[in-house]
Amino acid sequence: MNNKKRRTGTLIAIQDSLVKARFYDDVIMGETAEISVDGKLLQAEVLQIEPDPKNADAGLVEMQVFEDLTGAQIGDEVVFKGTPLSVLLGPGLLTSIWDGLQNPLYKLGETDPYLQPGMTAPALDIEKLWDFTPTAKVGDVVSGGDTIGWVPEGRFEHKVLVPFDYGKCRVDSIIEKSSINITEVVAVVIDELEQRHELKMAFRQAVKSPIPFKERAIPSETISTGVRVIDLLAPVGYGGTVGNPGPFGAGKTVLQHALCKYAVADIIIMAACGERAGEAVEVFKDFAELDDPSTGESLMNRMCIFGNTSSMPVAAREASVFIALTVGEYYRYQGFNVVMLADSTSRWAQALRERSGRQGDIPGPEAFPMDIPDQIKGMYQRAGADAGTGGSLTFIGTVSPAGGNFQEPVTQATMDATGGFWGLSQDRADAKKYPAIDPLAYTSSVYDSFISWKDRQTMLQTLHEANGIDQTISTIGLKKVPVEKYILFQKGLTIDFCVLQQNAFHKVDACTRPDRLHVINEAVQKLIDGSIQFAHNGMEDEEVKEMIKSKFDELRQWWRDWNGVAQSEEEIAVLPGKIEQFILQEDSAL
Amino acid sequence: MIRKEINRISEVGKALISVEGNPGVALNHVVELLNADNNQSLSFAKAINITEDSTRFQVFNGTQGLSTKTKIRMHEVPLTAGFSHNMLGRSFDGVGNVADGGPDVIMEKQVSTRLDTLNPTVRLVPKQPLWTGIPMIDVFNTLVKSQKIPIFAGPTEPYNRLLSQIAQGAQADVIIFAGIGLKFDEYQYFKEQLSQSGNIDKTIMFTHLAGDSQIKGLMLPDVALSVAREFGDEGKDVLVLLTDMTNWSNILRNVANYQDMIPSLQGYPGSLYSELAKRYEVAADIEGAGSITIIGATTLESLEDPVPDNTGYITEGQFFLDNGKLKLARSLSRLKQQVNDDTRDDHRPIMTAMASLLADAEKAYEAAEVGAANDPYSQKLLRYRTDFIENMEEPFGEPIELEAALDKCWDILRRHFEPTETGLSKKLIEQYWHKN
């Protein structure tokens, strides 16, 4: 790292985003490099080092380039930077919108509406002043990750840390409380080799190796996501991991947006990885006008967005996910509950596939790199709760399976790597039953959450049985189904229609908090337990069923209205009573 | 200016040629191929793979007739597209040469065809509906200005007719037609339709016919979209018709195959997703400028084929054409939520209610096939299904305004259901059930 000598190479092969260069000195695996093309500097990363068959004194290095290479020629100069791919961490991360390499998009937009190769701008605002308050004193012994002061960042207390790769150091000097920018020195520390190091509020951190936990813990507290089907049946804890696969059009995007808006968390990081630009734009333009459910401030105050959208250079897709993860780990280390949404991890995996294909690697299943399951596991493992800092990083990754087939390698590896699985169903989406999470096809490793494990099992059991009866009706007809089974089927239908389905675009229905969820659960449990006696003196079987259906239709209409209307505590509280009256068939109640 | 020349081609393959050594060509730069005897221009080509030992080019006009003596003249610039307002009303090939037999067009400028990514911060969140007069689109999957959306259809479906119908009604300043791998009669059909509707003078056609040089077909969307962008930057609302992107993807597959690239699914290169996305993402509503809307066609045998599958993840929904009907079940406009809240208050709820009932009806239809849907409600659903297909999924009828189409929806529900069976709120039922 301290090697200040300029190391260079020259291009000898160029194709798409992959280049080879000849070098005579030394090259470090994984280090970054800059290639001069037509006077522009393009960012690249070392992927492989090999001998030069033409020149025993030289070596060849294979690199992926994060920008379009049009105009590159044999002989173009490469300068090796000595440092791996990294992210700038410090105050000002929140509310930022970057490309996949942490270039601030608004800043770039000031010079040109189009993103051109070689465009770059400082990742964080270097002029903005922050009110720094020191917490360390001269003579203190500190090491990587220790706090030396703090600045207010919005409503957060953003700790100023010693960079994580530092060993033990002595604080030699530290500034007084003052208003400074991120380029100014806040402290000088001396390491055990008596080397002096200047510390600033922002520092670079390598992204492919994780920021350590202080004391890793199992996620224990459940996140209120506001989405009923998740919070009731497939809850996720702070620090948990979830894979969210679904064919296109099944509602992944709407679900991600709902989580951005309603999940109770300190910070939301969005890695828009290889997806539509319009969706990221909707988040940072429209969400800025929405309120954070917990604070009433603009939603953007708790967010930062990495937008490496689908038409941006493929090589930067991989980088964007790691950069976003590292920012998440940084805020976890600060003690915050961070939720990271990666949309989509399949695009990340495809970027690896494109690259390995170009490198001529022998392909694994569906031409993905052979080690893709391990890479996916490694990525999700970086999420987790930290009892030492009180922070957590929750990682929710969407998966876009080819052909909607969950058997494909990325979905399979994700199921293996995550604690929760929200599988979106094409059938439910076709029937516009949103969110289209299939209630019978998910797993979740959180046990008691907002409702007890037992209640959850009861609800799932009813849904399972109702689904079975539905299949029977479809194959042998309604006639053969006994009345009590038909009632059970209608109960399942009601839970699905009134509880699991939710209108993400309705101002009241879009978000359900735990207090309301408890009332709903009480009503659901009553409905499941209740033995309903419909008066059907002398009616034909067919008429009885029609009558039952119409009673349930009325209930469902009432309940759906309640979903959209009930807001006050009293209005909410009426639900279980209505269900009791329905069970007793006191008609006036409806 | 004297341009450098190379006098020997070492390798000629399908659509690709190579020269030995490093003549100093840069990646994606253009060279011109000339007959060595009379310096007659044969084709242009683009450098796609450069090493110190050899350079490989894609040849726009194909490689038939090229010899090792064919001369290569370097132009030292990437491929550009000519741009001029005089292009309106005219026809061009995939690299922008006049193709209608008319006089040359004097270009005002050359524009880059690299399709640089638009900075997301200058995109506007699209909020303006594009009405088509087709109820299945206007009511159920409203089209929005700057949307990118393909028609998914089997190869024998009337997808070009639908595309043309949408284009006729669309409120666009400029129409860019980009046809790849078209049959001549399809090209002629579009030309006639656009002429008949009086739109031809605001249309530029870029056409690649089946059998034309593959590389020209491959380049066509980039050239067409670069020209579209130029109009967009001028403040125009541009509608781009891309038909058929499956043909384009198949050319991409062929060329990847000629380059010995490792295929991923069904022989397509691993970059299929990124390549399609690069083109479709040109669609945008741009702050301080105009907009580009892309309506494409993707022919398919199965929705799981790599081309429609990847396309579905890229575009903002799709219109699914089956048996000549625009099917509700697999059609989707992802942007409809941006515009269908400001229409009539029953618009969103009735759309959801009808879709949900139709899904139930499809289940009943399947059950009926095994003789299981005998109960009265299933029978109701079946009658509803027939009515819906006839009156809502037909795209080729007379144009209907949104309000009339919504009233028609209530008529259909009223014909078959009790109010509570619809799942619609009491308030809406009171307001609309007894209307008329």
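Residues numbered from 1 in each chain as written. Chains lettered and ligands numbered in written order. Predicted model: local features only at pLDDT ≥ 70, side-chain atom pairs only at ≥ 80, totals over all residues. Heavy atoms only, no water.

Let's shift gears to the overall build of chain A. Helix and strand counts for chain A stand at 14 helices and 26 strands. Based on the C-alpha atoms only, the size of chain A along its principal axes is roughly 100 × 55 × 40 Å. Counting every position in chain A, which comprises 590 residues, the buried fraction comes to 61%. Considering only contacts within chain A whose residues lie at least 6 apart along the sequence, 69% involve residues at least 24 apart. When the accessible surface of chain A is totalled, it reaches about 22,600 Å², and 50% of it is carbon and sulfur. (Helix = DSSP H or I, 4+ residues; strand = E, 2+ residues; numbered from the N terminus. Buried < 20%, exposed > 50% of the residue type's maximum accessible area, 1.4 Å probe, protein only. Contact = heavy atoms within 4.5 Å. Areas by Shrake-Rupley, 256 points an atom, 1.4 Å probe, with all protein chains shown as cover.)

A few words on the interface of chain A and chain B. Contact with chain A, which involves 80 residues of that partner, is made by 81 residues of chain B. Overall, the association of chain A and chain B removes approximately 6,800 Å² of surface from exposure, summing both partners, and the carbon and sulfur fraction of that is 53%. Of all residues in chain A, the largest losses of buried area upon contact with chain B belong to Tyr114, Phe248 and Arg276 of chain A, amounting jointly to 12% of the total for that side. Linking chain A with chain B are eight salt bridges. Residue Lys54 of chain A pairs with Asp53 of chain B through a salt bridge whose shortest N-O separation is 2.4 Å. On inspection of chain A and its partner chain B, the count reaches 36 residue pairs in polar contact (both at pLDDT 80 or more). Only β1 (7-15), α1 (105-109), α3 (252-262), α4 (277-286), α6 (345-359), α9 (426-430), α10 (453-476) and α13 (541-565) of chain A provide two or more residues apiece to the side of chain A that touches chain B. Pairing of β1 of chain A with strand β5 (residues 41-51) of chain B involves three bridges; the strand directions are antiparallel. Its bridge partner being in β5 of chain B, Ile14 of chain A is matched across the sheet by Ile50 of chain B. (Buried area = accessible area lost by both parts, 1.4 Å probe. Salt bridge = Lys/Arg side-chain N within 4 Å of Asp/Glu carboxyl O. Polar contact = N/O pair within 3.5 Å; in protein donor to acceptor, adjacent residues only side chain to side chain. Pairing = 2+ DSSP bridges.)

Looking now at the packing of aromatic side chains. The full count for this structure, using the stated rule, is 29 aromatic pairs over all chains. Consider the rings of Phe248 of chain A and Tyr313 of chain B, whose centres lie 5.5 Å apart with planes at 75°: the pair is edge-to-face. In this pair, Phe248 of chain A sits in the loop between β19 (241-245) and α3 while Tyr313 of chain B sits in helix α7 (residues 306-314), so the two residues belong to two different chains. By relative accessible area, which is 10% here, Phe248 of chain A ends up buried. Here the aromatic rings of Phe534 of chain A and Phe582 of chain A are separated by 6.4 Å at their centres, their planes lie at 75°, and the arrangement is edge-to-face. With a gap of 48 residues between them, Phe534 of chain A in the loop between α12 (514-529) and α13 and Phe582 of chain A in helix α14 (residues 569-583) connect regions that are remote in the sequence. Under the relative-accessibility criterion, Phe534 of chain A is labelled buried at 7%. (Phe/Tyr/Trp six-rings, centres within 6.5 Å; stacked < 30°, edge-to-face > 60°.)

What follows covers α10 of chain A. Along its 24 residues, α10 of chain A runs 34 Å from first to last C-alpha, staying within 8% of the 34 Å computed at 1.5 Å per residue. Among the residues of α10 of chain A, those classed as buried are Asp455, Arg456, Met459, Leu460, Thr462, Leu463, Ala466, Ile469, Asp470 and Ile473 of chain A. Turning to α10 of chain A, the residues buried within the fold contact α2 (228-233), α11 (483-500) and α12 of chain A together with α9 (347-369) of chain B. Downstream of α10 of chain A by a residue or two, Gly477 of chain A has a phi angle that is positive, lying close to 95°. (Expected span 1.5 Å × (residues − 1).)

Moving on to the state of the cysteines. Residue and element names in this part refer to chain A. Counted according to the given criterion, the structure contains zero disulfides over all chains. Its sulfur unpaired, Cys273 is 15 Å from the next cysteine sulfur, which belongs to Cys260. Sulfur of Cys304: no disulfide; nearest cysteine sulfur belongs to Cys260 and is 11 Å away. (Disulfide = S-S within 2.5 Å.)

Attention now moves to the nonpolar core. Residues and elements named next belong to chain A. The biggest cluster of nonpolar side chains holds 86 residues, and the ones touching the most others in it are Trp422, Ile495, Val499, Phe552 and Trp559. Counting residues per element, this core draws most heavily on α11, which supplies nine residues. Two domains each put at least three residues into this core: domain 3 (216-432) and domain 4 (453-589). Those residues in contact with Trp422 that lie beyond four places of it in its chain are Ile230, Ala234, Val236, Val242, Gly243, Asn244, Pro245, Leu255, Leu259, Ile396 and Ile437. Counting residues in hydrophobic clusters, the runner-up holds 73 residues, among them Leu89, Leu93, Ala342 and Ile376. (Core = buried A, V, L, I, M, F, W, Y, C linked by side-chain atoms within 4.5 Å. Domains from an automatic or database assignment.)

Attention shifts here to the sheet that holds strand β11 (residues 147-153) of chain A. All names here are of chain A. A sheet is described by the order of its strands in space; here four strands give the open sequence β12-β11-β9-β14, paired in antiparallel fashion. Each edge of the sheet is formed by a strand with only one pairing partner; in this case those strands are β12 (156-161) and β14 (178-180). Averaged over all adjacent pairs, the angle separating strand axes in this sheet is 35°, with direction ignored. Pairing of strand β9 (residues 130-134) with β11 involves two bridges; the strand directions are antiparallel. When the bridges of β11 are listed, Thr133 appears paired with Trp150. Its contacts with the sheet place helix α5 (residues 315-333) against β11 and β12, and it is angled at close to 100° to β12. (Axes fitted to C-alpha atoms, helices over the stretch in contact; angles between N-to-C directions.)

With that settled, consider the packing of α5 of chain A against α6 of chain A. Residues and elements named next belong to chain A. The contact between α5 and α6 brings their axes to 8 Å, and the two run at 140°. Considering the angle they form, α5 stands oblique to α6. Crossing geometry of α5 relative to α6 is assigned as left-handed. The residues of α6 that touch α5, namely those facing Arg317, Glu318, Val321 and Phe322, are Arg347, Trp348, Gln350, Ala351, Leu352 and Arg355. Taken together, the residues of the contact of α5 with α6 break down into five nonpolar, one polar and four charged. (Parallel < 35°, antiparallel > 145°, perpendicular 65-115°, else oblique. Left-handed = near helix turned anticlockwise from the far one by under 90°. Nonpolar A, V, L, I, M, F, W, Y, C, P; charged D, E, K, R; others polar.)

Take the sheet that holds strand β10 (residues 141-142) of chain A next. Residues and elements named next belong to chain A. The strand order β10-β13-β15-β16 describes an open sheet built from four strands, whose pairing is antiparallel. Two strands lie at the open edges of the sheet, namely β10 and β16 (196-200), each paired on one side alone. Two elements, strand β15 (residues 185-191) and β16, share five bridges in a ladder whose sense is antiparallel. In the strand pairing of β16, Val185 is matched with Lys200.

It is worth spelling out the environment of Pro158 of chain B at this point. Residue and element names in this part refer to chain B. Mapped onto the elements, Pro158 comes out in the loop between β13 (148-153) and α2 (159-169). Classification of Pro158 by relative accessible area gives partly exposed; the value is 27%. The spacing of Pro158 and Glu192 is 34 residues in sequence and 16 Å in space, taken between C-alpha atoms. When near neighbours in sequence (up to four residues on either side) are disregarded, Pro158 contacts Leu321, Gly324 and Phe396.

All names here are of chain A. Among the secondary structure elements, Pro210 is positioned in the loop between β17 (203-206) and β18 (216-217). As for Pro210 and Asp416, which are separated by 206 residues in sequence, their C-alpha atoms are 20 Å apart. Not counting the four nearest positions on each side in its chain, Pro210 is found in contact with Glu329 and Arg382.

Let us look at the domain arrangement of chain B. Reports often express the size of an interface as the amount of accessible area lost when the parts come together. Here chain B is partitioned into domain 1 (5-78), domain 2 (82-336) and domain 3 (347-432). Using C-alpha coordinates to define each centre, domain 1 of chain B is positioned 61 Å away from domain 3 of chain B.

Relative to the helices and strands, Arg348 of chain B is located in helix α9. Other than its neighbours up to four places away in sequence, Arg348 of chain B contacts Phe505 of chain A together with Gln337, Asn340 and Asp341 of chain B.

All names here are of chain B. As for its placement among the helices and strands, Arg90 is situated in the loop between β8 (80-83) and β9 (91-92). According to the relative accessible area criterion, Arg90 is buried, its value standing at 15%. One polar contact links the side chain of Arg90 to the main-chain carbonyl oxygen of Pro103, over a distance of 2.6 Å. Once residues within four sequence positions are removed from consideration, Arg90 is found in contact with Val98, Asp100, Gly102, Pro103, Val105, Thr203, Ile204 and Met205.

Here the focus is the pairing of strand β18 (residues 291-299) of chain B. Residue and element names in this part refer to chain B. Most of β18 is tucked away, with nine of its nine residues classed as buried. In β18, alternate side chains face the same way, and those of Ser291, Thr293, Ile295, Ala297 and Thr299 on one face and Ile292, Ile294, Gly296 and Thr298 on the other are all buried. Summarising the sheet, β13 and β18 pair through six bridges and their orientation is parallel. Residue pairing for β18: Pro150 is matched across the bridge by Gly296.

Per the stated rule, a full pass over the model turns up 58 salt bridges over all chains. With its nearest N and O atoms 3.2 Å apart, the salt bridge here joins Glu316 of chain B to Lys148 of chain B. Here Glu316 of chain B, found in the loop between α7 and β19 (317-322), pairs with Lys148 of chain B, found in strand β13; they are 168 residues apart in sequence, far enough to count as distant. Take Glu316 of chain B and Lys148 of chain B: they sit in the same class, and that class is buried. Several salt bridges converge on common partners, so that one network encompasses Arg22, Asp52 and Lys54 of chain A together with Glu52 and Asp53 of chain B.

So, on to a negative patch on the surface. Residues and elements named next belong to chain A. Where like charges cluster on the molecular surface, the negative patch consists of Asp515, Glu569, Glu570 and Glu571. Of the residues forming the negative patch, the biggest block, three residues, is contributed by α14. Residue placement: Glu569 occurs in helix α14. (Patch = residues over 30% accessible without salt bridge, like charges linked within 9 Å, V, L, I, M, F, W, Y side chains within 5 Å. Lys, Arg positive; Asp, Glu negative; His and termini not counted. Charge placed at Lys NZ, Arg CZ, Asp CG, Glu CD.)

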